[in-house]
Structure formats: structure tokens, C-alpha cells
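One letter stands for each residue in the lines below.
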Amino acid sequence: MDDSSEVPGAIVARIGIVSVSDRASRGEYEDRGGPAVRAYLSDVLTSPWKATVRVIPDETALIRATLVELVDAAGCCLVVTTGGTGPAPRDVTPEATAAVLDKELAGFGEAMRAVSRPHVPTAILSRQTAGVRGSALIINLPGSPKAVSECLDAVFAAVPDCVDLIGGPRLETDPDKVRAYRPH
């Protein structure tokens, strides 16, 4: 259930989707990573949610400010970024994210790289990561739509429990798509 089908009286989870791309932010390139995240979430989440979308350039201060705004002001319980995770000089999303996290969750990056490696030898160059800020989970993904799906498939079963543990709203998934694991 995406933001177009909110249920009256239900708690609506706010989810930030941030595309980090110089070219997409200038309109020179069609952002495909952010729409891939939104499509993935629309496919797997069954609880009500509302997306807050941003397309921003690869600027450390702006990435930090956007993450802080989405979590602290907009109240997002989950923020998913795409782009800026490679080794190029302008790829600064992991550093900007680390600067605003209370806790890093290294297992997310490890799982995402492990699932990507059989498909793309250069997956070892990707620096996607995740962590907690307040009561929000922030996940960095590569910008490729294919990588978005592969990486989210690798970690999403743990996302609802993580959001529960940090005090966010309950996220429900379609068990035929992603079976959320909640040992707590």
C-alpha cells in the first residue's frame, strides 16, 4: 500500500527516498534509482506509508542536511538513498550518512555487497551502508535500479524488526514478496 492509498485512522509510516546524483538533480539525466526504490516499497509493503522524495546533488553538506530534515523534521522512520556509493571523488553518500548516524549497522552493507558480487564483479567497490538516527533507519543503495532491487531483497526482511526496535511504526510486508523476520 503506497502513499496513494492511505487508510483513514491508520498510522502512516513516513519513508524518505533520496536520489543523490549531480546529473539527475540538474535535470540532465532521468533519475531511475529513486523510482526503483518507490516501486520496490509499493510492491512489498502492505501497511500504509507516505513517500517524501528528494533528488539532490553529490554534496556532503546537502546530503547530511537532507537526511537530518527527513528524520528530525519530516518524521521518516526509514530513509533510503540511491547513488553516491562508489569510489569516485564525488561519491560521498556513505560519509555524509555516517556523519548523521547514532549507530552504524555494518551488516546491511555486507549483505548488500555479498548479494551483488555474483552479478557484478565491481560490487566490491560499492560502499553502501546503513545505520540508525533517532527512531529512523537510513539505508544507502547504489543508483542502479537493478542494484536497488537486489540490495533491498538482501536486507529488507530485517527492516521491519529494526524499525520496531528503534521505536518506529510497524511496517508490514507481503509475505509472498518479503517475509519480515521479527524475533523480538
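All figures in this text were calculated on a predicted structure; none of them were measured in a lab.

*Asks:* Before we move on, could you go through the overall build of the protein chain and cite the residues and values that matter?
*Replies:* Tallying secondary structure elements over the protein chain gives seven helices and six strands in all. Here the C-alpha atoms of the protein chain give a radius of gyration of 15 Å, agreeing with the 16 Å that 2.2 N^0.38 yields for 184 residues. Counting only C-alpha atoms, the protein chain reaches 45 × 35 × 30 Å along its principal axes. In the protein chain, which comprises 184 residues, the proportion classed as buried is 47%. Counting only contacts in the protein chain whose residues sit at least 6 apart along the sequence, the fraction spanning at least 24 positions is 72%.

*Asks:* Quick rundown of the pairing of strand β1 (residues 13-20)? Include the residues and the values.
*Replies:* Burial analysis of β1 places seven of its eight residues in the buried class, which makes it a mostly covered element. As defined by bridge partners, β1 adjoins strand β2 (residues 49-56) across eight bridges and the pair is classed as parallel. Bridge pairing in β2 places A13 opposite W49.

*Asks:* How would you sum up helix α4 (residues 93-100)? Please name residues and give values.
*Replies:* Taken as a whole, α4 has its buried residues at T93, P94, A96, T97 and V100. Buried residues of α4 fall within an arc of 165 degrees about the axis and therefore sit on the same side.

*Asks:* Describe helix α3 (residues 60-73), listing the residues and the values that go with them.
*Replies:* The end-to-end C-alpha distance of α3 is 19 Å, a good match for the 20 Å that 14 residues give at a rise of 1.5 Å each. For α3, the full list of buried residues reads I63, T66, L67, L70 and V71. Looking straight down α3, one finds its buried side chains confined to an arc of 115 degrees; they lie on one side. Where α3 is buried, its residues meet β1, β2, β3 (78-82), α4, β5 (130-133) and β6 (136-141). Phi turns positive, to about 75 degrees, at G75, one or two residues after α3.

*Asks:* I'd like a rundown of the packing of aromatic side chains, residues and numbers included.
*Replies:* Two measures describe an aromatic ring pair: the distance that separates the ring centres and the angle between the ring planes. The full count for this structure, using the stated rule, is one aromatic pair. Ring geometry for Y40 and F156: centres 5.8 Å apart, planes at 65 degrees, overall edge-to-face. Taken together, the positions of Y40 in helix α2 (residues 33-44) and F156 in the loop between α6 (145-155) and α7 (159-165) put the pair 116 residues apart, joining distant regions of the chain. Exposure class is identical for Y40 and F156. Each is buried.

*Asks:* Pulling in residues and values, what's your account of the sheet that holds strand β4 (residues 103-104)?
*Replies:* One open sheet holds the six strands; their spatial order is β2-β1-β3-β6-β5-β4, and the pairing between them is mixed. Single-partner strands in this sheet number two, and they are β2 and β4. As judged from the four bridges shared by β5 and β6, these two strands associate in the antiparallel manner. Opposite V132, over in β6, you have L137 as the bridge partner.

*Asks:* So what's going on with the pattern of salt bridges? Which residues, and what values?
*Replies:* Under the criterion given, the structure shown has twelve salt bridges. Its salt-bridge partner being R170, residue D164 comes within 3.6 Å of it at the nearest N-O pair. We classify D164 as partly exposed; its relative accessible area is 26%. With a closest N to O distance of 3.9 Å, E172 and R182 form a salt bridge. Placement of the pair is E172 in the segment after α7 and R182 in the segment after α7, with a sequence separation of ten residues.

*Asks:* A description of the side chain of T97 should follow, citing residues and the corresponding values.
*Replies:* Relative to the helices and strands, T97 resides in helix α4. A distance of 2.9 Å separates the side chain of T97 from the backbone oxygen of T93, its partner in a polar contact. Discounting residues that sit within four places of it in the chain, T97 has contacts with L67, I138 and N140.

Here is what the cut-offs are and how they apply
- Residues numbered from 1 in each chain as written.
- Predicted model: local features only at pLDDT ≥ 70, side-chain atom pairs only at ≥ 80, totals over all residues.
- Heavy atoms only, no water.
- Helix = DSSP H or I, 4+ residues; strand = E, 2+ residues; numbered from the N terminus.
- Rg over C-alpha atoms; globule rule 2.2 N^0.38 Å.
- Buried < 20%, exposed > 50% of the residue type's maximum accessible area, 1.4 Å probe, protein only.
- Contact = heavy atoms within 4.5 Å.
- Pairing = 2+ DSSP bridges.
- Arc of directions from axis to C-beta.
- Expected span 1.5 Å × (residues − 1).
- Phe/Tyr/Trp six-rings, centres within 6.5 Å; stacked < 30°, edge-to-face > 60°.
- Salt bridge = Lys/Arg side-chain N within 4 Å of Asp/Glu carboxyl O.
- Polar contact = N/O pair within 3.5 Å; in protein donor to acceptor, adjacent residues only side chain to side chain.

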